[in-house]
Amino acid sequence: MTQDELKQAVAAAAVERLPLDAIIGVGTGSTANCFIDALAERKRSVRATVASSQASAERLRKHGIMVLELNEVESLPVYVDGADEIDARMAMIKGGGGALTREKIVAAVARQFVCIADQSKLVDKLGRFPLPIEVIPMARAHVEREMRALGGEPRLRTGFTTDNGNQILDVHGLDIADAVALETRIDHIAGVVSNGLFARRGADVLILGTASGVRIIERSS
């Protein structure tokens with residue numbers, strides 16, 4: 001199967017697991033787009049959605065699926081999104097699409113985080129994919145210095161502004177031995193809005209597309 005076919009397979013599997021007549025959190029990116037397209041075929045079984053980006057909200061609305069603001073919703077039974085990397089502990093690097101802050105917020109409200117990914121995203125150790133960090137523009141140089149002190153090489157994502165009006169630094173070469181500790185440390189740097197480590201709130205379920213079919217992996221307690 002091609003990578004696109006794997007993404008479509010995990011998206012379809014995620015739709016099959018959704019609770020009926022619920023408000024669903026929806027992520028951002030190419031795999032999330034496959035999920036949105038699969039969801040459109042069964043949109044009558046979903047009450048509404050909450051999107052983690054303007055791009056996803058627009059795609060959902062084009063399919064005739066209702067999109068609510070998160071402030072209108074007290075809780076979500078499930079949030080479905082992809083990952084740039086995910087490890088065996090269900091910690092992830094996310095933010096390749098630049099929506100990491102809103103993704104973290106929606107994930108925090110959801111009772112269950114379902115990650116959908118093809119097998120190339122499952123890694124032994126996080127860090128080959130550069131870590132995105134959303135920063136307030138005036139703090140960019142300060143955050144760059146702090147990330148170099150942590151052993152990384154930050155690069156400004158040129159020509160890109162987040163839905164929140166901020167910038168993205170993609171940090172290469174980090175040694176992520178303790179994802180939870182690093183996520184917390186980076187979040188405490190003045191000017192950081194959020195970073196793309198999803199370790200404190202990782203995935204609960206991984207729907208993984210492999211050459212031999214779709215695997216469902218549950219987080220171990």
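We now turn to the structure provided with this report. Each chain has its residues counted from 1, following the order in which its sequence is written. Totals for whole chains, interfaces and linings use every residue, but because this is a predicted model, local features are given only for residues with pLDDT of at least 70 and side-chain atom pairs only at 80 or more, for both listing and counting. Calculated side-chain values reflect all of the structure's heavy atoms, with hydrogen atoms and water omitted.

**What to know about the pairing of strand β13 (residues 205-210)**
Here comes step 1: Relative accessible area decides the class of each residue, using a 1.4 Å probe on protein chains only: under 20% of the type maximum gives buried, over 50% gives exposed, and in between gives partly exposed. Runs of E in the DSSP output that reach at least two residues are strands. Runs of H or I that reach at least four are helices, and both are numbered from the N terminus. Of all 6 residues in β13, 6 are buried, a share of seventy percent or more.
Here comes step 2: Going residue by residue along β13, you find Val205, Ile207 and Gly209 tucked away on one face and Leu206, Leu208 and Thr210 tucked away on the opposite face as well.
Here comes step 3: Only when DSSP finds a minimum of two bridges between them are two strands counted as paired. Here 6 bridges tie β13 to strand β14 (residues 213-218), and the two strands are oriented antiparallel to one another. Following the sheet pairing, Leu208 is matched in β14 by Arg215.
Here comes step 4: The hairpin turn running from β13 into β14, its antiparallel successor, is 2 residues long.

**Brief notes about the pattern of salt bridges**
Here comes step 1: Salt bridge, as used here, is a side-chain nitrogen of Lys or Arg placed within 4 Å of a carboxyl oxygen of Asp or Glu. Under the criterion given, the structure shown has 17 salt bridges.
Here comes step 2: With a closest N to O distance of 3.4 Å, Lys94 and Glu103 form a salt bridge.
Here comes step 3: Within this structure, Lys104, Glu183, Asp187 and Arg200 form a network of salt bridges that share partners.

**Side note on the side chain of Lys121**
Here comes step 1: Among the secondary structure elements, Lys121 is positioned in the loop between β7 (113-118) and β8 (131-135).
Here comes step 2: Residues count as neighbours in contact if any of their non-hydrogen atoms are within 4.5 Å of one another. Sequence-distant contacts of Lys121, defined by excluding residues within four places in its chain, comprise Gln3, Ala83, Asp84, Glu85 and Ile86.

**A short note on the environment of Ala83**
Here comes step 1: One can find Ala83 in the loop between β4 (79-81) and β5 (85-86).
Here comes step 2: We classify Ala83 as buried; its relative accessible area is 11%.
Here comes step 3: For the pair formed by Ala83 and Ala117, sequence separation is 34 residues and the distance between their alpha carbons is 6.5 Å.
Here comes step 4: The residues touching Ala83, leaving out its near neighbours within four places in the chain, are Met92, Ile93, Lys94, Cys115, Ile116 and Lys121.

The values reported here are purely geometric and, on their own, carry no functional implication.
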